[in-house]
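# Summary of the model geometry
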Amino acid sequence: MAELRKLTLEELKAGMSVFLDFPDVEQVTQEGVKETVDRILLSRAENGGRPPVDVLTDYLAVGNVKDMEERLKIIIGLSRGSLERVRRIYEAIFPGVRWSMIRRDDNIRRRIARFLIYPEAEEVFIPSFIRSNFYLPDNWINLLQDRDFLQVIVQGNLQSQYATDIGYALENEIGNIVSAVGHPHEKGKVGIVDSKEVDIAIPDTETPRILIMSSYQLTTGSSQGSKANEQLRMYQDVRNHNSSRNQRNNPDVLFINVIDGGGWLARPGDLQTMWHECDYCFSLSSLDGLRDVLQHYL
């Protein structure tokens, strides 16, 4: 067994990577892109040289509300609008009418389609600045029939989901190591850390011996500061628990962080907090050290 010690901050950084290699995530993501493009592609038959409002009205008449929103996001992506703003516009045009009616009612859908194509023609008051974000390019029908173009759009919309999936893959990798060492584990709220959700509690969330938190960040974001501060408070809770009288005859609970990704490397202050506020800290490349810790303490 290797020397059992906490990695230094520099050792942790040296083992971290901007990107993580999880081939299963790559495959599933690419398959998802293809399936999405297949769903949203406007066929030549659907177009048929009809008036643009008719084409868009029918294009949005699909499946359930989720399917309709998927297509609507693609349409909006061709301009500078957003789904959230479309919903506000819908409320202005149809006060008190549920959003789900856009899929069920052809007249409602047609009016929204007309707004997206000719925003200046809507008579209900909508500020000109808001309207200006919804001008579709003249070739929007051709773009909806271009598979290569739609693939680029769909991949762009999946950036955050891709990063989330890589994070889950990292968490699963940790869980696999815990299982391989021969210990049960759970994910859920743990009382000793103010009922915060813990990614991996060994052996369970009720009476944990080890708590493991996993975090992957592909890009930077303000949430990282909040995450680092949350980890600080959780580690303080663990230390308070370990020093309490009721815990005197029981083994201490360990708090471990697994952290990786270019987003963390680009936020050295938050990374240092994450490293400091735990008993051990690992990256994906140093998870053999986690195995050693588990074997030693359990």
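Up top you'll find the structure we're talking about.
Description of the structure in this document. All of these numbers come straight from a predicted model, not from anything done at the bench.

### Some details on the overall build of the chain
A tally of helices and strands in the chain yields 16 helices and five strands. Computed over C-alpha atoms, the radius of gyration of the chain comes to 25 Å, more than 25% over the 19 Å expected from 2.2 N^0.38 for 298 residues, which places it beyond the range of a compact globule. Counting only C-alpha atoms, the chain reaches 75 × 40 × 35 Å along its principal axes. Sequence-distant contacts, at least 24 apart, represent 65% of the contacts inside the chain between residues at least 6 apart. When the accessible surface of the chain is split by element, carbon and sulfur atoms take 48% of a total near 15,400 Å². Across the chain, the 34 positively charged side chains and the 43 negatively charged ones have centroids separated by 6 Å.

### Re the pattern of salt bridges
Within the structure shown, the criterion is met by 17 salt bridges. For lysine 187, the salt bridge is made with glutamate 171, and the minimal N-O distance between the two is 3.1 Å. With lysine 187 in strand S1 (residues 186-190) and glutamate 171 in helix H12 (residues 159-181), the pair connects residues that are 16 residues apart, well separated along the chain. For lysine 187, a relative accessible area of 41% translates into the label partly exposed. Within the structure, one salt-bridge network assembled from shared partners comprises Asp54, Asp106, Arg109 and Arg110.

### Remarks on the state of the cysteines
For the coordinates displayed, the defined rule picks out zero disulfides. Not part of a disulfide, cysteine 278 finds its nearest cysteine sulfur in cysteine 281, a span of 4.3 Å. Residue classification places cysteine 278 among the buried residues on the basis of a relative accessible area of 3%.

### Re the side chain of aspartate 260
Relative to the helices and strands, aspartate 260 resides in strand S4 (residues 254-260). For the buried aspartate 260, no salt bridge exists, and the shortest N-O distance to an oppositely charged side chain is 13 Å, to lysine 13. Setting aside anything within four residues of it in sequence, one finds aspartate 260 in contact with Met16, Ser17, Leu20, Leu170, Ser215, Tyr216, Gln217, Ser283, Leu284 and Ser285.

### What to know about the pairing of strand S2 (residues 196-202)
In terms of residue burial, S2 counts as a mostly covered element, since five of its seven residues are buried. Pairing geometry for S1 and S2, over four bridges, is antiparallel. Each bridged residue has a counterpart across the sheet, and for glutamate 186 the counterpart in S2 is alanine 201. As consecutive antiparallel partners, S1 and S2 are separated by five residues, and within that stretch aspartate 194 has a phi angle of approximately 60°, a positive value. Examined bridge by bridge, S2 and strand S3 (residues 210-216) share three bridges and lie antiparallel to one another. Its bridge partner being in S3, isoleucine 202 is matched across the sheet by isoleucine 210.

Criteria and cut-off values
- Position numbers for residues count from 1 along each chain, tracking the sequence in the order it is written.
- With the structure being a predicted model, the display of local features is reserved for residues of pLDDT at least 70 and the display and counting of side-chain atom pairs for 80 or more, all residues being used for whole-chain, interface and lining totals.
- Heavy atoms throughout the structure, all of them, feed into the side-chain values; hydrogens and water do not.
- Under the DSSP-based scheme used, a helix requires at least four consecutive residues in state H or I and a strand at least two consecutive residues in state E, with every element numbered from the N terminus.
- Based on C-alpha atoms, the radius of gyration is set beside the globule rule, defined as 2.2 Å times the residue count to the power 0.38.
- We call two residues in contact when some of their heavy atoms are within 4.5 Å.
- Exposure was quantified through the Shrake-Rupley algorithm and a 1.4 Å probe, taking into account, for residues, occlusion by the shown protein chains and nothing else.
- Working convention for charge: Lys and Arg count positive, Asp and Glu count negative, and His plus the chain ends are omitted.
- Where a charge lies is defined by one atom per residue type, namely NZ (Lys), CZ (Arg), CG (Asp) and CD (Glu).
- Note on definitions: salt bridges are taken to be side-chain nitrogens of Lys or Arg within 4 Å of carboxyl oxygens of Asp or Glu.
- Only protein chains enter the accessibility calculation, which uses a 1.4 Å probe; a residue whose area is less than 20% of its type maximum is buried, one above 50% is exposed, and one in between is partly exposed.
- In this description, a disulfide is simply a cysteine sulfur pair whose atoms lie within 2.5 Å.
- When DSSP locates at least two bridges between a pair of strands, those strands are taken to pair.

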